[in-house]
Amino acid sequence: EVPASSQESADPDLIKAERLRVRAANAQWTTLPVVETRQLLRAVGVELQPFVVVETLAEAKAAARELRYPLTLKLQGASTAAASPGVANGRALVRTWGEWVPQAMNAPPAGWEGGVIMQRTALEGAIGAISIALATDPTFGPVIAVGASRQAGSMHRHPALMLPPLNRRLAEDLLAKTGIVAPHADLGPLLLRVSAIACALPWVRELEFDPVMLTPD
């Protein structure tokens, strides 16, 4: 099915998105830094769970008071999906920082910008987690994939795939193909916004939301 033009999701703010594209081109970025990624997603109507970028243990302790435990630490801009295990309290934060960050400094992974992203590990009451991704196939062009979350430790399953543009019905069909979640109130709109990115912003070649935490409706 090729859907007709739809107003089911808000149009992206193309002016803000173009400013980010120009900034990325001038800086010769191949991957958007985390702050610019958040700005781009806001321009298309996607708000991420709060996070803070820190560079020292003192900054990490202050961020933990703001974000609240449990927390996950990730290397800012790193091309790998390296992340710390769930940090449950202040002692665990000090221990994880002391063990994990020096290892990264001694052998910096590709793309690491020197900061550490701190974010809540999971939403309270979460009943599951999935991954939603946009990739660009050399033959078919943009492809949207929905599957089990790797970051949340879900068992591996082949993701369900669909070519954009999507409408509401196609988004529901894509979710049904996963076999891991029932239709969820917020997932359909999120898929429509990912579809809008694929269609309106072809310079965005890859994008992944992982984990997308699920809570009861």
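Conventions we followed
- Residues numbered from 1 in each chain as written.
- Predicted model: local features only at pLDDT ≥ 70, side-chain atom pairs only at ≥ 80, totals over all residues.
- Heavy atoms only, no water.
- Buried < 20%, exposed > 50% of the residue type's maximum accessible area, 1.4 Å probe, protein only.
- Helix = DSSP H or I, 4+ residues; strand = E, 2+ residues; numbered from the N terminus.
- Contact = heavy atoms within 4.5 Å.
- Pairing = 2+ DSSP bridges.
- Axes fitted to C-alpha atoms, helices over the stretch in contact; angles between N-to-C directions.

(A) Looking closely at helix H2 (residues 34–43). Along H2, the positions that sit buried rather than exposed are Val-34, Glu-36, Leu-40, Leu-41 and Ala-43. Where H2 is buried, its residues touch helix H1 (14–27), strand E1 (51–54), strand E3 (116–120), helix H6 (187–200) and strand E7 (207–214).

(B) Region of the structure containing the sheet that holds strand E5 (residues 141–148). On the basis of which strands lie adjacent, the open sheet formed by 4 strands has the order E6-E5-E4-E7 and antiparallel pairing. Strand pairing shows two members of the sheet lacking a second neighbour, strand E6 (160–162) and E7, which therefore form its edges. Taking the axes of each pair of neighbouring strands and ignoring which way they run, one obtains an average angle of 20° across the sheet. In the sheet, strand E4 (residues 128–137) pairs with E7 via 6 bridges, with the strands oriented antiparallel. Across the sheet, residue Ile-130 finds its bridge partner in E7, namely Val-212. Seen against the sheet, helix H5 (residues 168–178) touches E5 and E6 and runs at an angle of roughly 155° to E6. Lying on the sheet, H6 is in contact with E4, E5 and E7; it crosses E4 at an angle near 15°.

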